[in-house]
Amino acid sequence: MTNRINKILTEGKTGSRQTVNGWVRTRRDTGSFSFLEINDGSCLANLQVIAEGTLPNYSEEIKKLSAGCAVTVSGDLKESPAKGQAVELHADSIIVVGWADPEEYPLQKKRHSFEFLREISHLRPRTNALGAVSRVRSRLSWGVHNYFQQRDFFQIHTPVITTSDCEGAGEMFTVTTEKVEKSGADAAAQVKEFFGKSAGLTVSGQLQAEVYALALGDVYTFGPTFRAEKSHTSRHLSEFWMIEPEMAFCDLEKNMQIAEEMLKYLLSDVLENCREDMQLFHKFIEKGLIDKLQSVIDDDFGHISYTEAIEVLLKAEKQFEYPVSWGIDLQAEHERYLTEEVYKRPLFVTDYPSSIKPFYMRLNDDGKTVAAMDLLVPGIGEIVGGSQREERYDVLYSRMLEAGIDVEQYGWYLDLRKFGSVPHSGFGLGFERLVQYVTGMANIREVIPFPRTPGSAPC
Ligand code: 4AD
Ligand code: MG
């Protein structure tokens with residue numbers, strides 16, 4: 001039976017027969033035999049294989065194996081006399097399934113820079129760090145579903161192609177079958193050709209999730225989202241994944257409680273189930289990462305209103321590039337100062353000016369601010385953005401007019417406020433920013449398999 005290396009290393013009995021499929025990491029010859037380190041992607045650790053010179057293909061094939069070659073190895077699992085591993089596989093058969101020319105294979109034993117690895121995104125998951133990121137990412141995704149399903153939330157598949165720009169920031173990619181050659185009104189007509197109106201790739205599943213929250217109660221959507229903003233930062237992607245819960249009969253306070261509880265759940269789950277990979281990040285990517293995440297789990301998150309945050313920033317001894325005054329959109333430098341230098345832990349900022357937030361956020365009684373919340377974390381900045389939604393028909397209607405939104409096109413969204421409207425809330429957690437936070441990876445391009453950013457979309 002073929003086994004995965006993680007199972008062999010954790011559960012394999014010495015004396016048992018094992019067959020593994022994997023890729024050679026290194027080969028070392030010594031006297032009459034060779035050591036092979038085999039990795040199959042199931043875990044960080046390699047399986048050490050002893051290949052005796054008596055194997056029939058020893059000089060013809062095994063002595064030519066190099067990094068990247070694919071092999072199937074069968075043999076007996078034995079206790080390893082050497083340090084570094086508890087067991088090793090004594091091969092009686094090694095089949096070379098696929099060769100990798102050492103002159104051409106770009107992954108050598110030395111450590112490669114992440115920038116270089118981005119140029120070979122088809123091979124980089126074979127490295128220790130990127131393999132570990134992939135496994136942690138998979139576990140986090142599983143954790144998201146576990147968290148919600150255990151709490152009776154229903155998953156809603158919201159559309160990828162949409163006709164509503166939820167965030168109203170005009171950052172949508174247009175979807176059309178036509179090559180748009182015209183400009184102005186003619187271009188608009190061409191774009192409308194397929195769906196009868198202009199359509200784009202979704203920037204958020206929120207508005208559609210609201211529809212289902214007002215029917216099923218607690219729901220979530222977890223899918224890819226697209227933003228055509230020309231941001232070249234280590235926190236922005238043109239295509240990223242977002243987790244968006246939406247809860248009926250729920251105010252801003254409960255919304256924040258869910259966000260905090262969910263984040264803590266995901267961190268605990270990963271620390272428990274991805275120990276070996278997390279150790280790698282802790283030692284080599286962000287020193288002390290595991291302790292940092294543990295304290296995030298143990299401590300309460302901070303809370304501050306936008307207005308209070310502005311006061312703190314105005315009093316700060318730090319010189320900011322972007323001047324601070326009530327009404328500005330907080331910049332990354334402000335967010336990071338608040339969470340890294342003042343609070344030194346995750347921080348909810350609430351009640352932003354309505355003028356800098358989308359139309360759907362609930363207007364507060366002061367008439368100036370909305371029931372918004374952003375969660376800021378040290379090292380990343382904004383990781384969650386959410387709000388209580390405007391459930392009052394008239395208030396929403398005038399907010400939409402103010403924002404220049406075509407109310408006819410959003411008739412369905414307004415209907416939700418006509419027929420059984422209830423207070424409801426939700427948020428969006430950027431999945432890649434979460435993976436960055438959990439792994440300590442400095443650049444968001446390392447935590448998604450195939451990053452898309454302005455000017456770059458390999459594979
Ligand atoms: O704050 P945002 O824009 O909120 C929304 O889209 C709401 N509709 C969510 C909701 O209430 N259901 O985005 C939410 C999160 C951000 O906090 C950030 O973590 C992430 O999505 N995000 C990005 N991640 C990577 N690249 C980008 N370009 C991102 N833009 C936002
Ligand atoms: Mg936001």
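Computed from a prediction, not measured in an experiment: that's the story for all the values here. (Residues numbered from 1 in each chain as written. Chains lettered and ligands numbered in written order. Predicted model: local features only at pLDDT ≥ 70, side-chain atom pairs only at ≥ 80, totals over all residues. Heavy atoms only, no water.)

**With respect to the sheet that holds strand β8 (residues 174-175)**
Then, in step 1: Judged by pairing direction, the sheet is antiparallel, and its three strands sit side by side in the order β7-β9-β8 without closing on themselves. Of all the strands in the sheet, just β7 (161-162) and β8 have a single pairing partner and so form its edges.
Then, in step 2: Bridge count for β7 against strand β9 (residues 199-201) is two bridges, and the pairing is antiparallel. Along β9, the bridge assignment pairs Thr162 with Gly200. (Pairing = 2+ DSSP bridges. Helix = DSSP H or I, 4+ residues; strand = E, 2+ residues; numbered from the N terminus.)

**A closer look at the domain arrangement of the protein chain**
Then, in step 1: On domain assignment, one finds that the protein chain holds domain 1 (5-98) and domain 2 (124-446).
Then, in step 2: Facing eight residues of domain 1, the contacting portion of domain 2 comprises seven residues.
Then, in step 3: At the boundary of domain 1 with domain 2, total buried surface from both sides reaches about 640 Å², with 43% on carbon and sulfur atoms.
Then, in step 4: Area buried by domain 1 at its contact with domain 2 is led by Trp23, Arg25 and Leu44, which between them contribute 71% of it.
Then, in step 5: Taken together, the connections running from domain 1 to domain 2 amount to zero salt bridges. (Domains from an automatic or database assignment. Contact = heavy atoms within 4.5 Å. Buried area = accessible area lost by both parts, 1.4 Å probe. Salt bridge = Lys/Arg side-chain N within 4 Å of Asp/Glu carboxyl O.)

**Comments concerning the packing of aromatic side chains**
Then, in step 1: Under the defined criterion, the tally for this structure stands at 18 aromatic pairs.
Then, in step 2: Measuring from centroid to centroid gives 5.2 Å for Tyr147 and Phe148, while their planes differ by 80 degrees, and the two rings are edge-to-face.
Then, in step 3: In this structure Tyr147 comes out as buried when scored by relative accessible area, which is 0%.
Then, in step 4: Seen in terms of ring centroids, Phe359 and Tyr410 are 6.0 Å apart; in terms of plane orientation they differ by 75 degrees. Their pairing is edge-to-face. On the criterion of sequence distance, the pair formed by Phe359 in the loop between β13 (347-350) and β14 (372-377) and Tyr410 in the loop between α11 (393-402) and α12 (411-415) is long-range, its members being 51 residues apart. Of the two residues examined, Phe359 and Tyr410, each falls in the buried class.
Then, in step 5: An aromatic cluster is built from Tyr147, Phe148, Phe153, Tyr220 and Tyr265, whose rings are joined through pairwise contacts.
Then, in step 6: Above the ring of Tyr265, the side-chain terminus of Arg151 is found at 5.7 Å from the ring centroid. (Phe/Tyr/Trp six-rings, centres within 6.5 Å; stacked < 30°, edge-to-face > 60°. Buried < 20%, exposed > 50% of the residue type's maximum accessible area, 1.4 Å probe, protein only. Lys NZ or Arg CZ within 6 Å of the ring centre and 35° of its normal.)

**Topic: the environment of Pro56**
Then, in step 1: Mapping Pro56 onto the fold places it in the loop between β3 (47-52) and β4 (70-79).
Then, in step 2: On the basis of relative accessibility, which here comes to 80%, the residue Pro56 falls in the exposed class.
Then, in step 3: In this structure, the C-alpha to C-alpha distance between Pro56 and Ser93, residues 37 residues apart in sequence, is 8.5 Å.

**Some points on the nonpolar core**
Then, in step 1: Formed by 87 residues in total, the largest nonpolar core has its most connected members in Ile94 and Met278.
Then, in step 2: A domain-level breakdown of this core finds at least three residues from each of domain 1 (5-98) and domain 2 (124-446).
Then, in step 3: Here Ile94 is in contact with Leu36, Val49, Ala51, Leu55, Asn57, Ile62, Leu65, Val71, Thr72 and Val73, once residues within four sequence places are set aside.
Then, in step 4: Of all hydrophobic cores here, the second largest spans 33 residues; its members include Tyr306, Leu313, Leu376 and Met400. (Core = buried A, V, L, I, M, F, W, Y, C linked by side-chain atoms within 4.5 Å.)

**Observations regarding the side chain of Ser231**
Then, in step 1: For Ser231, the position within the fold is in the loop between β10 (218-226) and β11 (239-248).
Then, in step 2: With relative accessibility at 17%, the residue Ser231 sits in the buried group.
Then, in step 3: Once residues within four sequence positions are removed from consideration, Ser231 is found in contact with His236 and Pro454.

**Some thoughts on helix α7 (residues 275-285)**
Then, in step 1: For α7, the complete set of buried residues consists of Asp277, Met278, Leu280, Phe281 and His282.
Then, in step 2: The secondary structure elements touched by the buried residues of α7 are α3 (128-150), α6 (252-273), α8 (289-298) and α13 (431-439).

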